[in-house]
Amino acid sequence: MTAVRRSSQPDALPPSVALAFAPLHKRALGMAVGLATGLSIFLMTAIVLLRGTEADGINLWPLAAYFAGYSPSWPGALIGFGWGCVVGFVGGWFVAFCRNLVIAVSLFLIRTRSELNENRDFLDHI
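These numbers were taken from a predicted model, which means no experiment stands behind them.

Q: Could you give me a rundown of the overall build of the protein, with the residues and numbers involved?
A: The secondary structure content of the protein amounts to four helices and zero strands. When its helices and strands are written in sequence order, the protein yields α-α-α-α. Buried residues in the protein amount to 18% of all 126 residues. Contacts in the protein between residues far apart in sequence, at least 24 positions, make up 70% of those at least 6 positions apart. Accessible surface computed for the protein: about 9,800 Å², of which carbon and sulfur atoms make up 68%.

Q: Break down the nonpolar core for me, with residues and values.
A: Formed by Ile41, Val48, Leu60, Leu63, Phe67 and Tyr70, the largest nonpolar core amounts to six residues. With near-sequence residues (within four places) excluded, Ile41 lies in contact with Leu63, Phe67, Tyr70, Gly80, Phe81 and Gly84.

Q: Give a description of the packing of helix H2 (residues 26–51) against helix H4 (residues 74–118) that names residues and reports values.
A: Two elements in contact, H2 and H4, have axes separated by 6 Å at closest approach and are oriented at 150 degrees. Between H2 and H4, the interaxial angle falls into the category roughly antiparallel. Considering the relative orientation of H2 and H4, their crossing is right-handed. Within the contact of H2 with H4, the residues separate by chemical class into 20 nonpolar, ten polar and two charged.

Conventions and cut-offs
- Residues numbered from 1 in each chain as written.
- Predicted model: local features only at pLDDT ≥ 70, side-chain atom pairs only at ≥ 80, totals over all residues.
- Heavy atoms only, no water.
- Helix = DSSP H or I, 4+ residues; strand = E, 2+ residues; numbered from the N terminus.
- Buried < 20%, exposed > 50% of the residue type's maximum accessible area, 1.4 Å probe, protein only.
- Contact = heavy atoms within 4.5 Å.
- Areas by Shrake-Rupley, 256 points an atom, 1.4 Å probe, with all protein chains shown as cover.
- Core = buried A, V, L, I, M, F, W, Y, C linked by side-chain atoms within 4.5 Å.
- Axes fitted to C-alpha atoms, helices over the stretch in contact; angles between N-to-C directions.
- Parallel < 35°, antiparallel > 145°, perpendicular 65-115°, else oblique.
- Left-handed = near helix turned anticlockwise from the far one by under 90°.
- Nonpolar A, V, L, I, M, F, W, Y, C, P; charged D, E, K, R; others polar.

See below:
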């Protein structure tokens with residue numbers, strides 16, 4: 001019986017699979033989430049200020065408990081934008097970091113199991 005010889009170089013991955021396992025850029029995702037969060041806080045505050053009434057049930061005062069200096073006013077909208085950018089950046093960076101870590105650990109485990117299965121019977125060939 002002849003043994004099947006496996007190539008030491010695996011075939012290249014299709015581009016869609018390589019893209020799915022590519023690491024996320026932490027700073028880029030942090031900036032994107034930060035700007036989106038900052039803009040959403042600014043726009044929420046601006047909409048409440050432009051409407052001029054708080055009878056609609058939109059209450060932004062709880063944000064003042066989390067963001068120092070924030071208030072539902074135009075200067076508070078700018079402060080909220082700044083805090084939203086900071087909080088969003090940290091959140092986006094952390095999500096990208098965790099995703100990259102999980103993908104790296106998963107690929108390491110899959111590769112290690114594959115190599116162990118490939119070399120499981122190496123003593124039988126001696």
